[in-house]
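Descriptive analysis of the structure
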There are 2 protein chains.
Amino acid sequence: MKIFRLENIIDTEREVKGPGWTSRRLLLKKDGMGFSFHETIIPAGAELHLWYKNHLEAVYCVAGNGSIEDLATGEVHQIKDGTLYALDNHDRHILRGGTEDMRLICGFNPPVTGRETHDEDGSYNLVED
Amino acid sequence: MKIFRLENIIDTEREVKGPGWTSRRLLLKKDGMGFSFHETIIPAGAELHLWYKNHLEAVYCVAGNGSIEDLATGEVHQIKDGTLYALDNHDRHILRGGTEDMRLICGFNPPVTGRETHDEDGSYNLVED
């Protein structure tokens, strides 16, 4: 059994920030669960163009609000506490912050190693051990 | 891309209840993500004896409080908003509700199919398609 506490992750290498997002990596590949688990904060008004070509991602909102635009269809889905979106087809999308910061709980398969960077197209590269 | 909303899961077959827990299955095996994703509510004062012999489970608390007892070591870890526990060794444990209902976001590997039952020992059986 492993215990992780958010207060011990903030301001360490497990907290990663970029323009319009802050991600706390709660579980990484090395933790051996077969998926990684992150908490991501999207500030009100942010806009992120994302395309996880190499990963499947599920995202569950537990606070705040925003929206996701599916670039394959043009559909926009509102996000609020209790909304989950699953990128089961490596979907290109735009994630937009709303009127309050969004708190998102995210699962990635394959698990993120922590050494990925966002490519120019908004994806994470695949990192082998 | 798939969108699931908690309001559409409550009172359907994706909401499962037992003594001391309510689990909303947001993502199941059939959703094809390689892990399942659940929201589980543990009422204040509940006590659950659990042993997922067939699954790895990560659990992240986003509201409320409680504790987990590791039956291998006897250690008790307090759980509050921002605590994650990872059962990376199929750990036998007791989960206890605290003074406020706990809201837990859970990932399972392999993914739960939705047809599992809790065995007498507190585990889920494995269900093949």
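For the structure itself, consult the block above.
On a predicted model such as this, the values are computed, not experimentally measured, just so you know. (Residues numbered from 1 in each chain as written. Chains lettered and ligands numbered in written order. Predicted model: local features only at pLDDT ≥ 70, side-chain atom pairs only at ≥ 80, totals over all residues. Heavy atoms only, no water.)

**A word on the relation of the copies chain B and chain A**
Inclusion rule: Least squares is the method for superposing the copies, and the C-alpha atoms it fits come from residues with pLDDT of at least 70 in both. It only takes one pair of heavy atoms within 4.5 Å for two residues to be counted as in contact.
Once turned by 180 degrees and shifted 0.0 Å along the axis, chain B lies on chain A with an RMSD of 0.0 Å. Put plainly, the chains are arranged around a two-fold axis. Looking at chain B, 100% of its interface residues are interface residues in chain A too, so the copies touch through the same face.

**Description of the pairing of strand E4 (residues 36-42) of chain B**
All names here are of chain B. Note the following rule: A 1.4 Å probe rolled over the protein chains alone gives each residue an accessible area, and that area as a share of the maximum for its type sets the label: buried under 20%, exposed over 50%, partly exposed in between. Working definition: helices are DSSP H or I runs of at least four residues, strands are E runs of at least two. Numbering for both runs from the N terminus. Think of it this way: DSSP has to see at least two bridges between two strands before they count as a pair.
The element E4 is largely enclosed, with a buried count of seven among its seven residues. On E4, burial covers both faces: Ser-36, His-38, Thr-40 and Ile-42 on one face and Phe-37, Glu-39 and Ile-41 on the other are all buried. One ladder, built from five bridges, connects strand E3 (residues 21-27) with E4; its direction is antiparallel. Looking at E4, one finds that Leu-27 is bridged to Phe-37. The pairing of E4 with strand E11 (residues 102-109) spans seven bridges and is antiparallel.

**With respect to the sheet that holds E3 of chain B**
Convention followed: For helices, the fitted axis covers only the stretch in contact; all axes are lines through C-alpha atoms, and the angles between them, taken along N-to-C directions, range from 0 to 180 degrees.
Ordered by their spatial adjacency, seven strands build an open sheet running E1(A)-E9(B)-E6(B)-E11(B)-E4(B)-E3(B)-E2(B), and the pairing between neighbours is antiparallel. The strands lining the two open edges of the sheet, one partner per strand, are strand E1 (2-5) of chain A together with strand E2 (15-18) of chain B. Between one strand and the next, the sheet's axes are offset by a mean angle of 20 degrees, whatever the strand orientation. Two elements, strand E6 (residues 56-63) of chain B and E11 of chain B, share seven bridges in a ladder whose sense is antiparallel. Paired with Val-59 of chain B across the bridge in E11 of chain B is Cys-106 of chain B.

**Remarks on the interface of chain B and chain A**
Threshold: In this description, buried area is defined as the sum, over both parts, of the accessible area (probe of 1.4 Å) that is lost when the two are combined. We define a salt bridge as a contact between a side-chain nitrogen of Lys or Arg and a carboxyl oxygen of Asp or Glu at a distance within 4 Å. A 3.5 Å cut-off defines polar contacts: any pair of N or O atoms within that distance qualifies, except that in protein one atom must be a possible hydrogen donor and the other a possible acceptor, and neighbouring residues in sequence count only when both atoms are side-chain atoms. Lys, Arg, Asp and Glu make up the charged group, whereas Ala, Val, Leu, Ile, Met, Phe, Trp, Tyr, Cys and Pro make up the nonpolar group; the residues left over, Gly among them, are polar.
With 42 residues of chain B at the contact, the number on the chain A side is 42 residues. Summed over both partners, the interface of chain B with chain A buries about 3500 Å², with 63% contributed by carbon and sulfur atoms. On the chain B side of the contact with chain A, Met-1, Met-33 and Leu-84 of chain B bury the most area, a combined 22% of that side's loss. Residue Asp-81 of chain B is joined to Arg-103 of chain A by a salt bridge in which the shortest nitrogen-to-oxygen separation is 2.8 Å. Where chain B touches chain A, the interface holds 22 residue pairs in polar contact (both at pLDDT 80 or more). Among the elements that make up the side of chain B that touches chain A, the one with the highest residue count is E6 of chain B (six residues). Residues belonging to the side of chain B that touches chain A are distributed by class as follows: 21 nonpolar, nine polar and twelve charged. Two elements, E1 of chain A and strand E9 (residues 83-87) of chain B, share four bridges in a ladder whose sense is antiparallel. Its bridge partner being in E9 of chain B, Ile-3 of chain A is matched across the sheet by Tyr-85 of chain B.

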